[in-house]
Amino acid sequence: MNVFFRPPKEDDIDQIMQIENAGFTADEAASKSAMMDRILTISDSFIVAVNEKDYPIGYVVGPIIFKRYLSDDLFESTRPNQPFGGYQSILSLAVAPDYRNCQIGNKLLSALEEKCRLQNRKGITLTCLESLVPYYKKHGYQLEGLSESQHAGVAWYNMVLELANTPNEF
């Protein structure tokens, strides 16, 4: 199966929300308005995986932040990204149910990492549920403890992928 990557389009919103809602609980999932805000504001750090028909089958999205760890306010509002430096955060990594176990999530993480290296990001940071810690560890992310996040009222874990050969200062 061929997979292609591109920035999101406004008319992708319905497919993206179907994927979001299939991958996260109602409390965890972004609202349609929050996701549209991300499409309009941070399309430069929003990668959509599409099939041969240009139909969205997965995505990864998050703003560039100055801190090492995510904070809950990132789920509420979106600001434009700085072009270089900082940490790439991941608010959502999700794959359509029919395309799971096809390595789409792995390919999205690789595409994001490559983009971050080109933009001299310090690293990639995310929070995940305990059950996903092994998945991210397999991709080189380090577990850095329990997050302070109260998002959706569940326990989240900080994970960071340090990017070698990038400047240590923003």
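Conventions adopted
- Residues numbered from 1 in each chain as written.
- Predicted model: local features only at pLDDT ≥ 70, side-chain atom pairs only at ≥ 80, totals over all residues.
- Heavy atoms only, no water.
- Pairing = 2+ DSSP bridges.
- Helix = DSSP H or I, 4+ residues; strand = E, 2+ residues; numbered from the N terminus.
- Axes fitted to C-alpha atoms, helices over the stretch in contact; angles between N-to-C directions.
- Contact = heavy atoms within 4.5 Å.
- Expected span 1.5 Å × (residues − 1).
- Buried < 20%, exposed > 50% of the residue type's maximum accessible area, 1.4 Å probe, protein only.
- Parallel < 35°, antiparallel > 145°, perpendicular 65-115°, else oblique.
- Left-handed = near helix turned anticlockwise from the far one by under 90°.
- Nonpolar A, V, L, I, M, F, W, Y, C, P; charged D, E, K, R; others polar.
- pLDDT = per-residue confidence, 0-100.

## What about the sheet that holds strand β1 (residues 4-6)?
Turning to step 1, where the next piece is worked out: Read across the sheet, four strands follow the order β1-β2-β3-β6 without closing on themselves; strand pairing throughout is antiparallel. In this open sheet, the two strands that pair with only one neighbour each are β1 and β6 (92-95). Looking at each pair of strands side by side, their axes are set apart by 20° on average, direction ignored.
Turning to step 2, where the next piece is worked out: Judged from the five bridges that link them, strand β2 (residues 46-50) and strand β3 (residues 56-61) form a sheet pairing that is antiparallel. From the neighbouring strand, Val 48 faces β3, where its bridge partner is Tyr 59.
Turning to step 3, where the next piece is worked out: Sitting on the sheet, helix α1 (residues 13-23) touches β2, β3 and β6, and the angle it makes with β3 is about 75°.
Turning to step 4, where the next piece is worked out: Lying over the sheet, helix α2 (residues 32-41) contacts β2, β3 and β6, oriented at roughly 100° with respect to β2.

## A word on helix α3 (residues 104-118)
Turning to step 1, where the next piece is worked out: Between its first and last C-alpha, α3 extends 21 Å over 15 residues, near the 21 Å set by a 1.5 Å rise per residue.
Turning to step 2, where the next piece is worked out: Taken residue by residue, α3 has Ile 104, Gly 105, Asn 106, Leu 108, Leu 109, Ala 111, Leu 112 and Cys 116 as its buried positions.

## Side note on the packing of α1 against α2
Turning to step 1, where the next piece is worked out: In contact at an axis separation of 10 Å, α1 and α2 are set at 120° when each is read in the N-to-C sense. By the criterion of interaxial angle, the relationship of α1 to α2 is oblique. Here α1 runs over α2; the crossing is right-handed. Across from Ile 13, Asp 14, Ile 16, Met 17 and Glu 20 in α1, the residues of α2 making contact are Lys 32, Met 35, Met 36 and Ile 39.
Turning to step 2, where the next piece is worked out: Here the residues of the contact of α1 with α2 are counted per class, giving six nonpolar, no polar and three charged.

## Considering the sheet that holds strand β9 (residues 157-162)
Turning to step 1, where the next piece is worked out: Taking strand neighbours across the sheet as the criterion, the five strands line up as β4-β5-β7-β9-β8 in an open arrangement whose pairing is mixed. Each edge of the open sheet is held by one strand with a lone partner, namely β4 (64-65) and β8 (142-146).
Turning to step 2, where the next piece is worked out: Where β8 and β9 come together, three bridges link them in antiparallel fashion. Among the inter-strand pairings, Gln 142 is bridged to a residue of β9, identified as Val 160.
Turning to step 3, where the next piece is worked out: Across the face of the sheet, α3 comes into contact with β5 (87-90), β7 (123-128) and β9 while running at roughly 160° to β5.

## Thoughts on α1
Turning to step 1, where the next piece is worked out: Where α1 is concerned, the buried positions are Ile 13, Gln 15, Ile 16, Met 17, Ile 19 and Glu 20.
Turning to step 2, where the next piece is worked out: Residues of α1 that are buried in the fold lie against α2, β2, β3 and β6.

## Let's talk about the confidence of the model for the chain
Turning to step 1, where the next piece is worked out: Scored by pLDDT, the chain has a mean of 93; 96% of the residues are at 70 or more.
Turning to step 2, where the next piece is worked out: In the model, residues 166-170 has pLDDT below 50 throughout and makes 13 contacts with residues more than four positions away in sequence or in other chains.

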